[in-house]
Amino acid sequence: MAARRLAFRALSGWAADDHAAAFSVYEASVEALPPEWPRPDGTAARTFFESRFTPVRIGSGPALVTGYYEPEIPGALERGDVFRHPLHAAPEEMPAGGWFSRAEILAGDLLSGRELVWLESPVEAFLAQVQGSVRVRLRDGTIRRFGFAGKNGHPYRSIGAELIRRGEVPETTMSAGAIRDWCARRPEAVTDLLNHNPSYVFFRPIDLAADRGPLGAMGFPLTPGRSVAVDPAHVPLGAPVWLEAGAVRVLAIAQDTGSAITGPGRADLFCGSGRDAGEVAGAMRLSGRLVALLPDAIAGTVSP
């Protein structure tokens, strides 16, 4: 992996960021990190980061920063005329090498009896899987939350990229909204489009307060604008990551992963929960760079 040490003064916008906000997120999950990662000791936030970490640029080319969110959509705990598309719990036994594809699972009803909740649309069920967490609003107004519980072992393939490849949606206007609009116009083609992605995500009920974010891959609640999904093969989970892309200049903490977040030049910033967060996340597609803050002892092994 191409990586290069930098100075904090080389980070555009660093001095203007809210370091205390990033520090509180780092502090919340630092217990899961190895001993060589600095622990809070009363030092002021900016000083803590600058005195105990070294910025290391990840990758040599431009990085792509996108956004994701926790949807909030109507649903029911029992199947009905309106709610006919389930989110599933994982199968009781799944081979280590992977399970059936999305098309095989749905065509064969292979998860019958594993339904957790029912949604109105196969597209919304699909998009909930892409996000990896969801708030479901029941008819009585109560909210049930569901989080990632595994997947079937098949690679993720973007249906947005497939629509662009077919010439159905311009790349410049691609978003979750554009996918919804296309599916509304072409209901007969929805199943085929969704099956382009053979990956299938399983869920589990999550007991979290309404004001807490969903659980990330580290097992801690995510914080809007301060938690980021990365590829842990290139950025250690728990590491502070400086995102410098477009108008985004923010120190986030790598607390999550994602099927589509692979390689040194990818990051997915958590934008919050609900419709407004979804609009922000859907519009975020920025080119820039990723800079991980690594403990000095670890960063010392990286070329200057």
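All chains use their own residue numbering, which begins from 1 and follows the written sequence. The predicted origin of the model limits local features to residues at a pLDDT of at least 70 and limits the giving and counting of side-chain atom pairs to 80 or more, whereas totals for whole chains, interfaces and linings rest on all residues. Remark: hydrogens and water are excluded; side-chain values derive from all non-hydrogen atoms of the structure.

Visitor: Would you mind going over the overall build of the protein with me for this structure?
Guide: Helix numbers and strand numbers start at the N terminus; a helix is a DSSP run of H or I with at least 4 residues, a strand a run of E with at least 2. Of the regular secondary structure elements, the protein holds 9 helices and 13 strands. Just to be clear, the radius of gyration here is over C-alpha atoms, and the globule rule we use is 2.2 Å times residues to the power 0.38. A compact globule built from 304 residues would reach a C-alpha radius of gyration of about 19 Å, and the protein, at 20 Å, matches this within 12%. By its C-alpha atoms, the protein is 60 × 40 × 40 Å across when sized along the principal axes. Burial classes: relative accessible area under 20% of the type maximum marks a residue as buried, over 50% as exposed, and values in between as partly exposed (1.4 Å probe, protein chains only). For the protein, the residues scored as buried account for 48% of the 304 residues in total. The contact criterion used is simple: two residues touch if any of their non-hydrogen atoms lie within 4.5 Å. In the protein, the proportion of contacts linking residues at least 24 apart, taken out of those at least 6 apart, comes to 78%. As displayed, the protein offers around 14,200 Å² of accessible surface, 50% of which is attributable to carbon and sulfur atoms. Measuring between centres, the 31 positive side-chain charges of the protein sit 5 Å from its 34 negative side-chain charges. Using the Shrake-Rupley algorithm and a 1.4 Å probe, accessible areas are obtained, with residue cover drawn only from the displayed protein chains. As used throughout, the charge tally considers Lys and Arg to be positive and Asp and Glu to be negative, leaving His and the chain termini uncounted. Every charge is mapped to an atom, namely NZ of Lys, CZ of Arg, CG of Asp or CD of Glu.

Visitor: Quick question: what am I supposed to make of the pattern of salt bridges here?
Guide: Side-chain pairs of opposite charge can arise where the charged atoms are in close proximity. Counted as salt bridges are all cases of a side-chain nitrogen of Lys or Arg within 4 Å of a carboxyl oxygen of Asp or Glu. Under the defined criterion, the tally for this structure stands at 13 salt bridges. One salt bridge in this structure joins Arg180 and Glu124, with 2.6 Å as the shortest N-O distance. Of this pair, Arg180 sits in helix H6 (residues 176-185) while Glu124 sits in helix H4 (residues 122-131); the two residues are 56 residues apart in sequence, bridging distant segments of the chain. On the basis of relative accessible area, Arg180 is assigned to the partly exposed category, the value being 28%.

Visitor: Would you mind going over the side chain of His88 with me for this structure?
Guide: Secondary-structure assignment places His88 in strand S4 (residues 85-88). Accessibility expressed as a relative area gives 5% for His88, which makes it buried.

Visitor: How should empty space enclosed by the protein be read in this particular structure?
Guide: Taking a probe equal in size to a water molecule and rolling it over the atoms shows the remaining empty space. Points on a 1 Å grid over protein atoms alone make up a cavity when a 1.4 Å probe fits among them but cannot get out, and a pocket when they form an open set with protein on both sides within 12 Å along at least five of seven lines; lining residues each have an atom within 4 Å of a point. Grid points are joined across faces, edges and corners, and a volume is the space filled by probe spheres set on the points. Tallying each qualifying case throughout the model produces 1 cavity of 30 Å³ or more. Estimates place the volume of the largest cavity at around 40 Å³. Forming the boundary of the largest cavity are Glu70, Ser133, Arg145, Phe146, Gly147, Ile206, Leu208, Pro214 and Leu215. When residues in the lining of the largest cavity are grouped by element, the largest group, 3 residues, is from strand S7 (residues 143-151). In this count, Pro and Cys sit with the nonpolar residues alongside Ala, Val, Leu, Ile, Met, Phe, Trp and Tyr, while Asp, Glu, Lys and Arg are called charged and the others, Gly among them, polar. Residues belonging to the lining of the largest cavity are distributed by class as follows: 5 nonpolar, 2 polar and 2 charged.

Visitor: Quick question: what am I supposed to make of the sheet that holds strand S8 (residues 201-206) here?
Guide: Strand-to-strand pairing in sheets goes through backbone hydrogen bonds, with the strands running parallel or antiparallel. Strands sit in the order S4-S5-S3-S6-S7-S8 across an open sheet of 6 strands; the sheet is mixed. The sheet is open, and its two edges are formed by S4 and S8, each paired on a single side. Strand-to-strand twist of the sheet, defined as the mean angle between neighbouring strand axes without regard to direction, takes the value 45 degrees. When DSSP finds at least two bridges between two strands, those strands are taken to pair. Pairing of S7 with S8 involves 6 bridges; the strand directions are antiparallel. Bridge assignment links Phe148 to a residue of S8, and that residue is Phe203. Lines are fitted to the C-alpha atoms to define the axes, a helix being fitted only along its stretch in contact, and any angle between axes, read from their N-to-C directions, falls within 0 to 180 degrees.

Visitor: Explain the pairing of strand S13 (residues 285-295) here, please?
Guide: The side chains of a regular strand alternate, residue by residue, between the two faces of the sheet. In terms of burial, S13 is largely enclosed, as 8 of its 11 residues are buried. Pairing analysis gives 10 bridges linking strand S2 (residues 53-70) to S13, with the strands arranged antiparallel. When the sheet's bridge partners are listed, Leu64 is paired in S13 with Ser287. As judged from the 5 bridges shared by strand S10 (residues 240-245) and S13, these two strands associate in the antiparallel manner. Counted as the bridge partner of Glu244 is Arg289 from S13.

Visitor: Help me understand the environment of Ser133, please; the structure alone is not making it clear to me.
Guide: By the secondary structure assignment, Ser133 is in strand S6 (residues 133-137). Assessed through its relative accessible area of 7%, Ser133 is described here as buried. Residues Ser133 and Val201 lie 68 residues apart in sequence; the distance between their C-alpha atoms is 9.9 Å. Setting aside chain neighbours within four positions, we find Ser133 in contact with Glu70, Pro71, Ala128, Phe146, Gly147, Phe203 and Pro214.

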